[in-house]
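Next come the chains, spelled out residue by residue.
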Amino acid sequence: TPTVVFENVVFGYEKDRTILHGLSFEVPAGSHVAIVGPSGAGKSTIARLLFRFYDPQAGRILVGGQDIREVTQASLRAAIGIVPQDSVLFNDTIGYNIGYGRAGASAEEIEAAARGASLMPLIERLPAGFETEVGERGLKLSGGEKQRVAIARTLVKNPPILLLDEATSALDTRTEQDILATLHRVSEDRTSISIAHRLSTIADSDRIFVLHEGTLAESGSHTELLGAG
Ligand code: ADP
Ligand code: ADP
């Protein structure tokens, strides 16, 4: 069964201006999909609806087969891990930044959890280890390194669905490709939804949804959309 389903979703922030005009799509379990479209197409709105910052005026949204209006906010957040564009790190160790959601966890416990969640390919590419202080007082991380920590922070909680909300859009395309390749390795069996405006982000996706003026302009695989025809 599909993990995330949008079913004829109609939504506008204001009464007289509809943003999503009956949007429907399905994200099969274990697949990697991308939602692309120009600025203003409604991509972030999809993320906000998924987390119930707003509810649609019509249609419904299912996560794991359940209408999200019928599940608790806590279980919704446990089901969907989000990595935003500009992740903020604490002025603390890399280990603390990865494990801060686990109250009272020691550096060793966080490292064990990261190993258990197979996150080492993400972390090994950082210029320093778990105990290294980062931020103002410590090591300055590049944008790409920060996003590696942010992705590890989200994945260490083992959410079945990973939502990348322009998570690599601020990076140069080479760093982006590097991170996406690592992500592919560590997250192969997980469902992932990547929201992006840049086509370079989506090369690895199983299915691509092109959003245009609040509906799906096109959907298909990379070759179907960009190949001959
Ligand atoms: P994208 O992420 O594709 O750039 P958004 O989902 O952020 O697009 O925005 C879609 C449309 O909704 C845009 O026209 C934007 O101006 C409008 N919009 C976004 N947030 C709000 C808001 N809080 N109130 C009113 N309009 C909004
Ligand atoms: P915590 O460790 O506090 O649970 P999360 O990784 O769950 O932190 O992220 C915080 C929450 O912020 C998310 O679950 C989501 O509800 C919300 N959030 C953050 N950024 C966005 C976004 N761009 N769109 C929608 N929701 C967001």
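For the structure itself, consult the block above.
Scope of this entry: the structure provided in the associated data block. (Residues numbered from 1 in each chain as written. Chains lettered and ligands numbered in written order. Predicted model: local features only at pLDDT ≥ 70, side-chain atom pairs only at ≥ 80, totals over all residues. Heavy atoms only, no water.)

1. Structural notes on the pairing of strand 7 (residues 161–165)
In step 1: Strand 7 sits mainly inside the fold: five of its five residues count as buried.
In step 2: As judged from the four bridges shared by strand 6 (residues 80–83) and strand 7, these two strands associate in the parallel manner. The residue bridging I80 from the neighbouring strand is I161, located in strand 7.
In step 3: As judged from the five bridges shared by strand 7 and strand 8 (residues 191–196), these two strands associate in the parallel manner. Considered in strand 8, the bridge of D165 is made with I195.
In step 4: The handedness of the strand 7 to strand 8 crossover, carried by helix 7 (residues 173–186), is right-handed. (Buried < 20%, exposed > 50% of the residue type's maximum accessible area, 1.4 Å probe, protein only. Helix = DSSP H or I, 4+ residues; strand = E, 2+ residues; numbered from the N terminus. Pairing = 2+ DSSP bridges. Right-handed = clockwise from strand over helix to strand, strands pointing away.)

2. Topic: the sheet that holds strand 10 (residues 215–220)
Either a parallel or an antiparallel arrangement is found when strands of a sheet pair, and the pairing is made through backbone hydrogen bonds.
In step 1: Pairing is mixed in the open sheet, where six strands are placed in the order 6-7-8-3-9-10. Only two strands of the sheet have a single neighbouring strand rather than two, namely strand 6 and strand 10. On average, each strand axis in the sheet is inclined to that of its neighbour by 20°, with strand direction left out of account.
In step 2: Pairing of strand 3 (residues 32–36) with strand 9 (residues 207–212) involves four bridges; the strand directions are parallel. Across the sheet, residue I35 finds its bridge partner in strand 9, namely F209. (Axes fitted to C-alpha atoms, helices over the stretch in contact; angles between N-to-C directions.)

3. Let's talk about the site of ligand 2
In step 1: The environment of ligand 2 is made up of A47, F51, F53, R77, I82, Y100, K157 and D165.
In step 2: In this structure, an oxygen atom belonging to ligand 2 sits 2.8 Å away from a side-chain N or O atom of K157.
In step 3: D165 is positioned such that a nitrogen or oxygen atom in its side chain is 3.0 Å from a nitrogen atom of ligand 2.
In step 4: Considering ligand 2 on its own, with 550 Å² of exposed area, one finds that the protein chains cover 66% of that surface.
In step 5: Of the residues belonging to the shell around ligand 2, the class tally is five nonpolar, no polar and three charged. (Near = heavy atom within 4 Å. Polar contact = N/O pair within 3.5 Å; in protein donor to acceptor, adjacent residues only side chain to side chain. Areas by Shrake-Rupley, 256 points an atom, 1.4 Å probe, with all protein chains shown as cover. Nonpolar A, V, L, I, M, F, W, Y, C, P; charged D, E, K, R; others polar.)

4. Observations regarding the sheet that holds strand 1 (residues 2–11)
In step 1: If you trace the four strands from one edge of the open sheet to the other, you get 2-1-4-5, paired in antiparallel fashion. With partners counted over all chains shown, the strands left at the sheet margins are strand 2 (20–28) and strand 5 (66–67), one partner each.
In step 2: Summarising the sheet, strand 1 and strand 4 (residues 58–63) pair through five bridges and their orientation is antiparallel. If you follow F6 over to strand 4, its bridge partner there is I61.
In step 3: Its contacts with the sheet put helix 1 (residues 43–50) on strand 1, strand 2 and strand 4, and the angle it makes with strand 1 is roughly 110°. (Contact = heavy atoms within 4.5 Å.)

5. So, the site of ligand 1
In step 1: Taken together, 14 residues sit near ligand 1, with R17, G40, K43, S44 and T45 positioned nearest.
In step 2: In the model, an oxygen atom of ligand 1 is placed 2.7 Å from a nitrogen or oxygen of the R17 side chain.
In step 3: Looking at the shell around ligand 1 residue by residue, the class counts come to five nonpolar, five polar and four charged.

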